[in-house]
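The primary structure of each chain is shown beneath.
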Amino acid sequence: MIRVLVVDDDFMVARVHSGYVERITGFTVAGVAHTGADALRAVRDLAPDLVLLDIYLPDIDGLTVLRELRADPATAHIDVMVITAARDVGTIRGALRGGALHYLIKPFSATALRAQLEHFNALHRRLHQLPPAEAAAQEDVDVMFGARPRTTRAFPKGLSEQTADLVEQALRAHPDGLSASECAAATALSRPSVRRYLEYFAATNRAEVRLRYGGTGRPERRYHWRP
């Protein structure tokens, strides 16, 4: 099993990302940290194989955590994947120069994270299959340094993958379900737009619709993400 440390200051987001990881064969969550200091301690105590590292942390930022991990011989070998809402070039460059394996911009879907973790798993196996005393062939190096997988999904006309990911993440973060109005408030999108995505998820069996009856009038449609 590949042991993963999830680092995010938002408890709910950390929980969602941990759920993503646990659903992928061959991976398990070794621990969760919500601050940079806790992340450094957890890496040293738990020795995970991979760290999913947020940039915006309440004490020290993720790039500082990454640099400290690389500077310590005891943790320099541990792989790090940055997962963050930070889109500025300076942060992206800092992650690249700090040795991050990849950089996922929030919000992202479970499919996007799965693709990157499965890619990591394939590289992990490839490295362990190479005898330490033997020189790697160029084709082995090409596989390890080659292009990363891209995940695209086909959506009906008028729907975008980025907005679908935003609605999906809102549903995942609310296991008790959301109405269209509540989802619109959670995503800062318009109610008609959100309703189209919710109905699309329901039609493709990715979300379940439950009716909640109140007083008078039509029952409220509440959407629940299917695990």
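Residues numbered from 1 in each chain as written. Predicted model: local features only at pLDDT ≥ 70, side-chain atom pairs only at ≥ 80, totals over all residues. Heavy atoms only, no water.

Colleague: I tried to follow the sheet that holds strand 1 (residues 2-7) on my own but got confused; where do I start?
Modeller: Consider a sheet: its strands pair through backbone hydrogen bonds, and that pairing is either parallel or antiparallel. Within the open sheet, the five strands sit side by side as 2-1-3-4-5. Their pairing is parallel. Of all the strands in the sheet, just strand 2 (27-33) and strand 5 (102-105) have a single pairing partner and so form its edges. If you compare each strand with its neighbour and ignore which way they point, the axes differ by 20° on average. For strand 3 (residues 50-53) and strand 4 (residues 79-84), the ladder comprises four bridges, and the chain directions are parallel. Looking across to strand 4, one finds that Val51 is bridged to Val80. Contacting strand 1, strand 2 and strand 3, helix 2 (residues 36-46) runs over the sheet at an angle of about 165° to strand 1. (Pairing = 2+ DSSP bridges. Helix = DSSP H or I, 4+ residues; strand = E, 2+ residues; numbered from the N terminus. Axes fitted to C-alpha atoms, helices over the stretch in contact; angles between N-to-C directions. Contact = heavy atoms within 4.5 Å.)

Colleague: Looking at this structure, how should I read helix 8 (residues 180-187)?
Modeller: Because an α-helix packs 3.6 residues into every turn, residues spaced three or four apart end up facing the same way. Three or more residues of helix 8 are buried, namely Ala180, Cys183, Ala184 and Thr187. Considered in projection along helix 8, the buried side chains sweep an arc of 105° and stay on one side of the axis. Packing partners of the buried residues in helix 8 comprise helix 7 (161-172), helix 9 (191-203) and strand 7 (220-225). Just downstream of helix 8 lies Ala188, where phi reads positive at about 60°. (Buried < 20%, exposed > 50% of the residue type's maximum accessible area, 1.4 Å probe, protein only. Arc of directions from axis to C-beta.)

Colleague: I would appreciate a short explanation of the packing of helix 7 against helix 8 in the present structure.
Modeller: Angle between the axes and distance between the axes: these two values describe a pair of packed helices. Taken N-terminus to C-terminus, the directions of helix 7 and helix 8 make an angle of 110°; their axes are 10 Å apart at the nearest point. Classed by the angle they form, the pair helix 7 and helix 8 counts as roughly perpendicular. As helix 7 packs across helix 8, the resulting crossing turns out to be right-handed. Contact residues: Leu166, Val167 and Ala170 in helix 7; Cys183, Ala186 and Thr187 in helix 8. Considered class by class, the residues forming the contact of helix 7 with helix 8 number five nonpolar, one polar and no charged. (Parallel < 35°, antiparallel > 145°, perpendicular 65-115°, else oblique. Left-handed = near helix turned anticlockwise from the far one by under 90°. Nonpolar A, V, L, I, M, F, W, Y, C, P; charged D, E, K, R; others polar.)

Colleague: Please clarify how the environment of Arg196 should be interpreted in this entry.
Modeller: Mapped onto the fold, Arg196 is located in helix 9. Take Arg196: its relative accessible area is 44%, and that puts it in the partly exposed class. In this structure, the C-alpha to C-alpha distance between Arg196 and Ala180, residues 16 residues apart in sequence, is 9.3 Å. Discounting residues that sit within four places of it in the chain, Arg196 has contacts with Lys157, Gly158 and Leu159.

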